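Architecture and fold: a report
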Amino acid sequence: SAVVDGRGLRAVYHHDAVYDARTQDWHVQIECQGLVSLGQPPVSIVWKTPSGAIVPSTTQHNGTFTLTLPNPPEDGLYTCLPDNTSASAGCSAAPLHDSASVRITGYDARFAIMDARMRELQRQNADLIHTVQTLTTHPVTATGQPLNWDLVQEVRNLTAQNRDLTSRLDSALQIINQQAHQLQNLTAEVDRIRGEQASMTTDIGLLKYLDGVPLRVGDRVKRGKDWDWQNQDGNPPGPGTVVAVPVDDNHPGWVKVHWDSGLTDVYRMGAQGMYDLTMA
């Protein structure tokens, strides 16, 4: 059977684009590492894409399975796992059940691809400059014929155009890199907010009162410490009944209350860090 090292399977993204001669374009790749023995028959690793499709690895070398992503790649989580449909899965006495995931973001992948393209243009530009210098220094061809100076000028023009293009690409890459960092910061902030929202709920998805008691439909409530809704609860203020927890999926920190005075409206129970209600 297949053998995995002590750290288990690991999905890795190296943030560098590679050139694929088949597509004649640059692509990012992800790797599934950790297999020290593939077993007999050898285990095969497949990938689950963010959209749920199962695709085979592109290559395998010394137990590392590589997936070359299309350009542009699909954003989201990629998971490597053993191919349970392969011959090894049915024959192994101890089938492999490990898996590992890595997240790919479009900004980061596009930056890696543009960076690789720019470096290739810089290399080509350096080759052109060297060619011009050689032709200028040795104005006679290997056959002894006079050099075609029109051709030399054309090469010089191409070199200048290529240099200008690489300069503009370099500027664009700097902007994209800044945007990528901003996106990472924004993503971290979104994750933090989601974490705070999740902390406001119990395992079954109910919101909580300020003291941590779960809030449920049917609870009797009254205005709380952060009340900011004038006399919606009646005059004088009175109790009401919770009729929806939360209001909907787009408002996780809000609940709906029908007041004994007749009005029905929504109130904050964790949203914006506020608690409009308390138990009656």
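Details of the structure are given in the entry above.
Residues numbered from 1 in each chain as written. Predicted model: local features only at pLDDT ≥ 70, side-chain atom pairs only at ≥ 80, totals over all residues. Heavy atoms only, no water.

1. So, the overall build of the protein
For the record, the criterion: Counting from the N terminus, the helices are DSSP H or I runs at least four residues long and the strands are E runs at least two residues long. Only heavy atoms enter the contact rule, under which two residues are in contact if any of them lie within 4.5 Å. With residues, only the protein chains shown are counted as cover, and all accessible areas are computed by Shrake-Rupley using a 1.4 Å probe.
In terms of helices and strands, the protein carries three helices and 15 strands. Partitioning the intrachain contacts of the protein with sequence separation of at least 6 by distance along the chain shows that 59% fall at a separation of at least 24. Looking at the protein as shown, the accessible area adds up to about 16600 Å², and 52% of this sits on carbon and sulfur atoms.

2. Topic: the packing of aromatic side chains
Stated formally: Centre distance within 6.5 Å is the pairing criterion for rings of Phe, Tyr and Trp, where only the six-membered ring of Trp is used; planes under 30 degrees apart are then read as stacked, over 60 as edge-to-face, and the remainder as tilted. For every residue, the accessible area (1.4 Å probe, protein chains only) is compared with the maximum for its type, and the residue is labelled buried under 20%, exposed over 50%, or partly exposed between those bounds.
As enumerated under the stated definition, the model contains six aromatic pairs in all. Geometrically, the ring pair formed by Tyr-19 and Trp-26 is edge-to-face, given 5.4 Å between the ring centres and 65° between the ring planes. By relative accessible area, which is 17% here, Trp-26 ends up buried. Here the aromatic rings of Trp-259 and Tyr-267 are separated by 5.6 Å at their centres, their planes lie at 75°, and the arrangement is edge-to-face. With a relative accessible area of 0%, Trp-259 lands in the buried category. According to the relative accessible area criterion, Tyr-267 is buried, its value standing at 0%. Put simply, the rings of Trp-227, Trp-229, Trp-254, Trp-259 and Tyr-267 touch in pairs and so form one group of aromatic residues.

3. Topic: the sheet that holds strand S8 (residues 64–68)
To keep it simple, the criterion reads: Only strands joined by at least two bridges in the DSSP assignment are considered to pair. Under this scheme, a helix contributes an axis fitted over its contacting stretch, all axes are lines through C-alpha atoms, and angles between N-to-C directions fall in the 0 to 180 degree range.
If you walk across this open sheet you meet the four strands as S2-S3-S8-S7, and the pairing is antiparallel. If you trace the sheet from one side to the other, it starts and ends with strand S2 (10–20) and strand S7 (59–61), each paired once. The mean angle between the axes of side-by-side strands here comes to 25°, regardless of whether they run parallel or antiparallel. Pairing of strand S3 (residues 25–33) with S8, which is carried by four bridges, proceeds in the antiparallel orientation. Note that in S8 the partner of Ile-30 across the bridge is Leu-67.

4. Side note on the nonpolar core
Definition in use: Residues grouped as a nonpolar core are buried Ala, Val, Leu, Ile, Met, Phe, Trp, Tyr and Cys residues, joined through side-chain atoms within 4.5 Å.
Among the nonpolar cores identified, the biggest contains 24 residues, and Tyr-13, Ile-30, Ile-45, Trp-47 and Tyr-78 are the most heavily contacted of them. Among the secondary structure elements, those contributing two or more residues to this core are S2, S3, strand S5 (45–48), S8, strand S9 (76–82), strand S10 (100–104) and helix H2 (106–137).

5. Section: the environment of Val-217
Assignment of secondary structure puts Val-217 in the loop between helix H3 (149–199) and strand S11 (220–223). Owing to a relative accessible area of 54%, Val-217 belongs among the exposed residues under this scheme. Along the primary structure Val-217 and Val-257 are separated by 40 residues, whereas in three dimensions their C-alpha atoms are 9.1 Å apart. Other than its neighbours up to four places away in sequence, Val-217 contacts Val-242, Val-243, Ala-244 and Val-245.

6. Things to note about the environment of Lys-225
Where we set the bar: Polar contact is defined as a pair of N or O atoms within 3.5 Å, subject to the rule that within protein one atom must be able to donate a hydrogen and the other to accept it, and that residues adjacent in sequence are counted only when both atoms are side-chain atoms.
Position of Lys-225 among the secondary structure elements: in the loop between S11 and strand S12 (240–244). Between the C-alpha atom of Lys-225 and that of Met-274, which follows or precedes it by 49 residues, the distance is 8.4 Å. With sequence-adjacent residues up to four places away left out, Lys-225 is seen in contact with Leu-210 and Tyr-275. A polar side-chain atom of Lys-225 sits 2.9 Å from a polar atom in the side chain of Asp-226.

7. Observations concerning the pairing of S12
In this sheet, S12 lies alongside S11 in antiparallel orientation, the contact comprising two bridges. Bridge assignment links Val-221 to a residue of S12, and that residue is Gly-240. Summarising the sheet, S12 and strand S13 (residues 254–259) pair through four bridges and their orientation is antiparallel. What sits directly across from Gly-240, in S13, is Trp-259.

8. A few points about the state of the cysteines
Heads up, the condition is: The definition used for a disulfide is geometric: two cysteine sulfur atoms within 2.5 Å.
Tallied over the full model, the rule gives one disulfide. The partner cysteine of Cys-32 in its disulfide is Cys-80, sulfur to sulfur 2.3 Å. Since a negative S-S torsion denotes a left-handed disulfide, the Cys-32-Cys-80 link at about 65° is right-handed. Note that Cys-32 is positioned in strand S3 and Cys-80 in strand S9, a separation of 48 residues in sequence. Given a relative accessible area of 0%, Cys-80 falls into the buried group.

9. Considering the sheet that holds S5
Strand order in the open sheet formed by four strands is S6-S5-S9-S10, with antiparallel pairing between adjacent strands. In the strand order of this sheet, the two ends are held by strand S6 (54–56) and S10, each with one partner. Direction aside, neighbouring strands of the sheet carry axes that sit 30° apart on average. In this sheet, S9 lies alongside S5 in antiparallel orientation, the contact comprising four bridges. Counted as the bridge partner of Trp-47 is Cys-80 from S9.

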